[in-house]
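The lines below spell out each chain.
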Amino acid sequence: MSKKLGSMLFLIVLLFSACSPAATVAPTSTAVPPTATATALPTANLTQAASLFSGPGNADFDSLAALPAGTAVTPLATYADFVQVSASVDGQEAVGYVWKNTLASLPSGLPDLAADQVPWAPLYLPECSPGTFDAAHDIVTFANPGDGYSDTESSAISLTEPLRISVGGMTSDPGNAAPAIKVLGIPEPASGDWWSGITRLDFGSRNGEYFLGIRDGSMADDGFYLDLSVKSDQAIQVWFDQPEGKSLRILDGNGSPIQSIDLTATPGLHLPNGLFPNGVVYIGTTMPPKSTFTISQLRIGVEASGKWDDLQNGYYSEPGLAALAAPRHITIGTEFQINSTSDPRYCRTMRRDFDLAVLSEFSWPGMWLGPGQYDFSALDRAVDYASRRGWRIRASHLLWGAPDAIPDWLKNGRYTRDQYIQLMQQYIRDVVGRYKGRVQEWSIANEATNRSFYPGGDFWGEKIGPEYIAIAFRTAREADPNGVLIFNDDNNQAPQDPNSARVVDKMYATVKQLKADGVPIDVVGMQMHLFLPWNSPFQPKKADVIATMQKFAGLGVRIYVTEFDVDLARQKGDQAEKWSLEATIYGDMMEACLESGVCDSFSTWEFSDALSWITCDTSGCVQDKNADPLPFDANYVPKPAYFAVRDALLNDFTLVPMPTPTK
């Protein structure tokens, strides 16, 4: 806990959770240097606008408040590139950190803070975890109502300092299969035995006491397991001694040692290079079926570096994309993966730059167990999470005829055409009925145009015929009269070559006929997965895309860009040249959306290269390793493509006049 300055300086530390702005949370540790007297401390003025950060860093810590130039602050101490200050925020005094260079001068004699006197640089944010965070009490609760294990896991996070874990207490359901925090140095393989080759530590609560288990990838069970004989309602810490994780210490809440473990010399383990041999960690949770897990005061992090990060062209000081797009009446969306929120980089980017969560869980075949039977557990988690954060939600996709999106019981069933129609309608009514009001947008009959060109490509088209599109839209409208209904497809942004031209032409004819028949289509979605091996190899021209958007809009629909990414794997040039091309395309397509006057949403299919369906190596992925398709790189650093989109939103633009309708 921090020390008091004195009776005449009463400091209230404000840490605003971005996920719950009204709440205030006390930090892990906020050091305030002691003073021998109650004399008021000297102040200093900001020479430029600055953020007041919750810790000494602009990349690792959240901004508590924006302070205008000229603001008077009270410097308290220094830590590397930052100064701990007291500042007035909304009429109350708040303690945080500002960049040294934003202050004209500092009072002499300011103390330097030690690493244990400032907050850890967080590698995990409880308020953004897949669980439910109670900001008022600093408690996160995880629940797995399903019948199988539920695991969350971050992307790879670089470790240059030793990892630290601290909790105020844990509670879990009684039983042997206990939930736990998990940290991995080598994650589960894409195929084969899930445990093969992994390095993993589980830290959890079982029957009211803490336990620790470690796997070295040689078998499914823990190679080392330890009941700590410490009640799990007490505070406890696990500190690694090196970034590689070769040894660790277990400490009580006061920092007194309980036990030390050398992982390189522990019987039953073969970890000669430590738990994190590749210099990265993956952080998450593991939950047995039908279990709950509550953790208070959860902190996972490393010592703060205190270094100012100015690499990213003002990324931290400029408003996010969603804020910039709002005055343009455009939503900024992305495919949202709830398990990725275990990574603070994902969490911060999602809540900063996006206001629309696109949920692909709606198209998971494992959700539909049989006629009228469903497992909504994963979908409920994702919808609840996005709803709590106030994001707009798109179901992607309510109905999709791709064979991989159809459950086996239905794919292998023998039903009549009328029975397929009844099954489809029942499914739509059940799913839409469950989520209407929380889900605002429904992608229906996804890729029906593209798939109609290939025998067996569209399950619903094969079983019912093209009439299924109208039936699905009408059923969805009945189930949710206020929902936005989207007819979505790929390679339909412009007639760039014969293949894309036939998609545009057929989709236009289909929408024209359906609208004439009174089918309630609100939006035409353009996926824009550009340069995929099976799509057009040509760079789309902005003018052609605007013309195509306006052509569809002339039928009485709006336009969404729904799944944007750019596969660079087959493009010429070095990385800088490829990224420059990518930035041009991203900027052009955002400008097309703006200038068309008919486009209301721009969404990417995920936002970090680390998570793209184009670069991953599992089934269903394109497996183009050097595709670099998204606006953030694999380390969540914004690329030129990000700034091209930002600049398009910042710049003035001129609407392209709609063509005069032809009779």
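These numbers were taken from a predicted model, which means no experiment stands behind them.

**Considerations on the packing of aromatic side chains**
Working definition: an aromatic ring pair is given by the centre-to-centre distance plus the angle between the planes.
Link 1 in the chain: What the rule picks out here adds up to 36 aromatic pairs.
Link 2 in the chain: When the ring of Trp-368 is compared with that of Trp-460, the centres are 6.4 Å apart and the planes differ by 20°; the resulting orientation is stacked. Residue Trp-368 is located in strand S28 (residues 368–370), and its partner Trp-460 is located in helix H7 (residues 459–464); the two are separated by 92 residues in the primary sequence. Grouping residues by exposure puts Trp-368 and Trp-460 together as buried.
Link 3 in the chain: Put simply, the rings of Phe-362, Trp-368, Tyr-374, Phe-376, Trp-409, Tyr-415, Tyr-420, Tyr-427, Tyr-435, Trp-442, Phe-459 and Trp-460 pair up and form one aromatic cluster.
Link 4 in the chain: The ring of Tyr-315 has Arg-352 lying over it, and the distance from NZ or CZ to the ring centre is 4.1 Å.
Link 5 in the chain: In this structure, Lys-506 is placed above the aromatic ring of Phe-453, and the distance from its NZ or CZ to the ring centre is 5.1 Å.

**A word on the sheet that holds strand S22 (residues 257–262)**
Link 1 in the chain: In space, the 6 strands of this open sheet follow the order S9-S25-S14-S20-S21-S22, with antiparallel pairing throughout. The open sheet has two free edges, formed respectively by strand S9 (121–124) and S22, since each of these has just one partner strand. Between one strand and the next, the sheet's axes are offset by a mean angle of 25°, whatever the strand orientation.
Link 2 in the chain: Looking at chain direction, strand S14 (residues 164–167) and strand S20 (residues 236–240) are connected through 4 bridges and run antiparallel. Counterpart to Arg-164 in the pairing with S20 is Trp-239.

**Regarding empty space enclosed by the protein**
With a probe scaled to a water molecule rolled over the atoms, the places where space remains empty come into view.
Link 1 in the chain: One pass over the structure, following the stated rule, counts 6 cavities of 30 Å³ or more.
Link 2 in the chain: What lines the second largest cavity is a set of 14 residues, among which Phe-362, Trp-368, Leu-398, Ala-405 and Tyr-427 lie closest to the centre.
Link 3 in the chain: A per-class count over the lining of the second largest cavity returns 12 nonpolar, 2 polar and no charged.

**Comments concerning helix H9 (residues 498–516)**
Link 1 in the chain: Here H9 contains 19 residues, and its C-alpha end-to-end distance of 27 Å stays within 8% of the 27 Å for a straight helix at 1.5 Å per residue.
Link 2 in the chain: In this structure, the buried residues of H9 make contact with helix H6 (448–451), helix H8 (468–479), strand S32 (484–489), strand S33 (523–526) and helix H10 (542–553).

**A look at the pattern of salt bridges**
Pairs may arise between side chains of opposite charge once their charged atoms sit close together.
Link 1 in the chain: This model, assessed by the stated rule, comprises 31 salt bridges.
Link 2 in the chain: Ionic pairing is found between Arg-417 and Glu-467, a salt bridge with its closest N-O pair at 3.5 Å. Taken together, the positions of Arg-417 in helix H5 (residues 417–435) and Glu-467 in the loop between H7 and H8 put the pair 50 residues apart, joining distant regions of the chain.
Link 3 in the chain: Note that Asp-567 is salt-bridged to Arg-570, the shortest N-O span being 2.8 Å.

**Here's the deal with the state of the cysteines**
Link 1 in the chain: As enumerated under the stated definition, the model contains 3 disulfides in all.
Link 2 in the chain: At a sulfur-sulfur separation of 2.0 Å, the disulfide partner of Cys-128 is Cys-347. Within this pair, whereas Cys-128 is found in the loop between S9 and strand S10 (132–134), its partner Cys-347 is found in helix H2 (residues 344–353), the two being separated by 219 residues in sequence.
Link 3 in the chain: Cys-347 sits in the buried class, given a relative accessible area of 3%.
Link 4 in the chain: Each disulfide in the chain links cysteines that, numbered along the sequence, combine into the pattern 1-2, 3-4, 5-6.

**Brief notes about the pairing of S33**
Link 1 in the chain: Neither face of S33 is left uncovered, since the one carrying Val-523 and Gly-525 and the one carrying Val-524 and Met-526 both have all their residues buried.
Link 2 in the chain: In this structure, S32 lies alongside S33, joined through 4 bridges in parallel fashion. Bridging from a neighbouring strand, Phe-487 pairs with Val-524 of S33.
Link 3 in the chain: Handedness of the crossover is the feature at issue here: the chain leaves S32, passes through H9, returns alongside S33, and the resulting connection is right-handed.
Link 4 in the chain: By the bridge criterion, 4 bridges tie S33 to strand S35 (residues 558–566) in an arrangement that is parallel. The residue of S35 that forms the bridge with Val-523 is Arg-558.

Reading guide: rules and limits
Residues numbered from 1 in each chain as written. Predicted model: local features only at pLDDT ≥ 70, side-chain atom pairs only at ≥ 80, totals over all residues. Heavy atoms only, no water. Phe/Tyr/Trp six-rings, centres within 6.5 Å; stacked < 30°, edge-to-face > 60°. Helix = DSSP H or I, 4+ residues; strand = E, 2+ residues; numbered from the N terminus. Buried < 20%, exposed > 50% of the residue type's maximum accessible area, 1.4 Å probe, protein only. Lys NZ or Arg CZ within 6 Å of the ring centre and 35° of its normal. Pairing = 2+ DSSP bridges. Axes fitted to C-alpha atoms, helices over the stretch in contact; angles between N-to-C directions. 1 Å grid on protein atoms, 1.4 Å probe; cavity = no way out; pocket = protein on both sides within 12 Å on 5 of 7 lines; lining within 4 Å. Points joined across faces, edges and corners; volume = space filled by probe spheres on them. Nonpolar A, V, L, I, M, F, W, Y, C, P; charged D, E, K, R; others polar. Expected span 1.5 Å × (residues − 1). Contact = heavy atoms within 4.5 Å. Salt bridge = Lys/Arg side-chain N within 4 Å of Asp/Glu carboxyl O. Disulfide = S-S within 2.5 Å. Right-handed = clockwise from strand over helix to strand, strands pointing away.

Any functional reading would require information that these geometric values do not contain.
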